[in-house]
Amino acid sequence: MSTSSKRPRKVSEEVGPTLSHAEQIQAMNEREAGKTVMYRHDAWGHMETRFVRTQNVAAWQAKGFIRR
């Protein structure tokens with residue numbers, strides 16, 4: 001008879017503090033500061049947006065993205 005040993009449960013991720021809409025916008029702007037916005041239409045016709053470091057613009061253009 002085999003005994004099943006239960007694995008320990010994974011520790012759930014810590015939930016950060018709840019941010020107001022204005023705080024979310026400010027955090028997003030800080031993450032995107034100094035980056036270039038690149039666009040591309042995907043296979044379904046949706047617009048894909050990437051915030052790319054300026055030194056990587058040529059690499060993203062090679063992937064088919066257009067610089068804003």
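Let me sum up the structure you'll find in this document. (Residues numbered from 1 in each chain as written. Predicted model: local features only at pLDDT ≥ 70, side-chain atom pairs only at ≥ 80, totals over all residues. Heavy atoms only, no water.)

### Here we look at the sheet that holds strand β3 (residues 66–67)
Sheet strands pair via backbone hydrogen bonds, and the direction of the pair is either parallel or antiparallel.
And then number 1: Taking strand neighbours across the sheet as the criterion, the three strands line up as β2-β1-β3 in an open arrangement whose pairing is antiparallel. The open sheet terminates on both sides in strands that have one partner only, identified here as β2 (47–53) and β3.
And then number 2: Relative to β3, strand β1 (residues 35–41) is paired through two bridges, and the arrangement is antiparallel. The residue of β3 that forms the bridge with methionine 38 is arginine 67. (Pairing = 2+ DSSP bridges. Helix = DSSP H or I, 4+ residues; strand = E, 2+ residues; numbered from the N terminus.)

### Side note on the pattern of salt bridges
And then number 1: Enumeration according to the criterion identifies two salt bridges in this entry.
And then number 2: The partner of glutamate 48 in a salt bridge is arginine 50, with the nearest N and O atoms 2.9 Å apart.
And then number 3: Relative accessible area serves as the criterion here: at 16%, glutamate 48 is assigned to the buried category.
And then number 4: Looking at arginine 50, the relative accessible area reads 36%, which means it is partly exposed.
And then number 5: Beyond isolated ion pairs, a larger network of salt bridges with shared partners links Arg40, Glu48 and Arg50. (Salt bridge = Lys/Arg side-chain N within 4 Å of Asp/Glu carboxyl O. Buried < 20%, exposed > 50% of the residue type's maximum accessible area, 1.4 Å probe, protein only.)

### Overview of the packing of aromatic side chains
And then number 1: One pass over the structure, following the stated rule, counts one aromatic pair.
And then number 2: Their ring planes at 85 degrees and their centres at 5.0 Å tell us that tryptophan 60 and phenylalanine 65 sit as a pair that is edge-to-face.
And then number 3: Above the face of the tryptophan 60 ring, lysine 63 is positioned so that its terminal group lies 4.0 Å from the ring centre. (Phe/Tyr/Trp six-rings, centres within 6.5 Å; stacked < 30°, edge-to-face > 60°. Lys NZ or Arg CZ within 6 Å of the ring centre and 35° of its normal.)

### Structural notes on the pairing of β2
And then number 1: With seven bridges connecting them, β1 and β2 associate as antiparallel partners. Each residue of the ladder has a partner; that of lysine 35, found in β2, is arginine 53.
And then number 2: Linkage of β1 to β2, two consecutive antiparallel strands, is achieved through a turn of five residues, within which glycine 45 is found at a positive phi near 85 degrees.

### Quick look at the nonpolar core
And then number 1: Counting five residues, the largest nonpolar core is built from Met38, Val52, Val57, Trp60 and Phe65.
And then number 2: With sequence-adjacent residues up to four places away left out, phenylalanine 65 is seen in contact with Met38, Tyr39, Arg40, Glu48, Arg50 and Trp60. (Core = buried A, V, L, I, M, F, W, Y, C linked by side-chain atoms within 4.5 Å. Contact = heavy atoms within 4.5 Å.)

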